[in-house]
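# Summary of structural features
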Amino acid sequence: MILSIVTINYNNAEGLKKTLASVAAQSVTEFEHVVVDGASTDGSADIIREYAEKASYPVRWVSEPDKGIYNAMNKGLRMASGEYVQVLNSGDIYASEHVIADMTEAMRRCVDEANGEWPEFLYGNMIRRHPDGTIDSKSGRVEYSLRNYYTSTMNHDCCWIKRSLFIENSEGDIARGRCGESRCYGLYDENLKIVSDWKWFLSAIGLGHVKPVYVDIDVTIFDLTGISERNLQLRNEERRKVLEELVPPAILADYDKHAFDMAQMDKLRQHKWAYKLVWTLERILNRIDNKNFRRKKK
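Here the structure is a predicted model, which is why all the values come from computation and not from measurement.

Enumeration according to the criterion identifies twelve aromatic pairs in this entry. On the numbers, 6.4 Å between centres and 40° between planes, the contact of Tyr84 with Trp118 is tilted. Of this pair, Tyr84 sits in strand E4 (residues 84–87) while Trp118 sits in the loop between helix H4 (99–113) and strand E6 (121–129), and the two are 34 residues apart along the sequence. Trp118 gets classed as partly exposed once you look at its relative accessible area, which sits at 35%.

Let's shift gears to the nonpolar core. Nonpolar side chains in soluble globular proteins generally cluster together in the buried interior. Within the largest apolar cluster, 41 residues are counted, with the highest numbers of intra-cluster contacts made by Phe121, Met154, Trp200 and Phe201. Sequence-distant contacts of Phe201, defined by excluding residues within four places in its chain, comprise Phe121, Tyr149, Thr153, Met154, His156, Cys159, Ile161 and Gly206.

Let us look at a nonpolar patch on the surface. Nonpolar side chains collect at one region of the surface, where Leu281, Ile284, Leu285 and Ile288 lie side by side and expose about 360 Å² of accessible area between them. With a relative accessible area of 48%, Leu281 lands in the partly exposed category.

On to unusual backbone geometry, then. For Asn11, which is not a glycine, the phi torsion comes out positive at approximately 50°. By secondary structure assignment, the location of Asn11 is in the loop between strand E1 (3–9) and helix H1 (13–24). Assessed through its relative accessible area of 33%, Asn11 is described here as partly exposed. The phi torsion at Ala39 lies on the positive side, around 60°, for a residue other than glycine. Along the chain, Ala39 falls in the loop between strand E2 (32–37) and helix H2 (44–54). Taking the relative accessible area as the measure of exposure, Ala39 reaches 28% and is therefore partly exposed.

So, how was this worked out
- Residues numbered from 1 in each chain as written.
- Predicted model: local features only at pLDDT ≥ 70, side-chain atom pairs only at ≥ 80, totals over all residues.
- Heavy atoms only, no water.
- Phe/Tyr/Trp six-rings, centres within 6.5 Å; stacked < 30°, edge-to-face > 60°.
- Helix = DSSP H or I, 4+ residues; strand = E, 2+ residues; numbered from the N terminus.
- Buried < 20%, exposed > 50% of the residue type's maximum accessible area, 1.4 Å probe, protein only.
- Core = buried A, V, L, I, M, F, W, Y, C linked by side-chain atoms within 4.5 Å.
- Contact = heavy atoms within 4.5 Å.
- Patch = residues over 30% accessible without salt bridge, like charges linked within 9 Å, V, L, I, M, F, W, Y side chains within 5 Å.
- Areas by Shrake-Rupley, 256 points an atom, 1.4 Å probe, with all protein chains shown as cover.
- Salt bridge = Lys/Arg side-chain N within 4 Å of Asp/Glu carboxyl O.

Everything listed here is a matter of coordinates, which is why it stays silent on function.
Written as structure tokens, this is what we have:
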């Protein structure tokens, strides 16, 4: 089995219904669905039970107390058996009924192009939608560089990630949380409340050896319900904590000093006339500085 879809839920029965219906509507059934419910009190367990009984594909599920979103996600990763995992949380849906078929075909093309090598990480586009149905934005290709993950991240719900990057097949390694010598970056950090997926991407892609492969496929529609200024404040606080933990101080100091300027130059490069103007001004200033230096030497 190539894919395990992992869905976590807590007291979001209406959002859960949308997600389960989206999975059930897929045009292929070569996947399993792992659903982790945090002992919801809104009837979610009954919804999952009925869904599992009717599904034409394997459904593994549990409804029990957990210790938060990342504890639930880790539980789902441990329950999964597919070679790849995709996190599709309660409330989020597939962009069409052909997403899994299209992503599977894209995966096979990647294998053929790489002479039989399977990519560790395949991702497409995520559409961000407001509760009133209006589209906020759509993600696209993301550069795999430390500079990008210093300020940005991946959208994990449109990613197919090799399960071995999270956990080893050995039960001993899972129990001890160790990864040996292979390319494994561990499970999500359960000490973080909101940015543990960003930390994982920073470790595996920004600072690690994983090179994501992008395909221009609309994979998911992300429900923006629940996003608040408080979430953004906590996100920024936790991100800073992670950066100070993972990035060497000298490198982090450089990024703190120059990241904004580099981002501005990236924007300027999108407009050739503006970039050429700034480049010309820099050349002029450089000549002025050189002239002043020669005068001082005299």
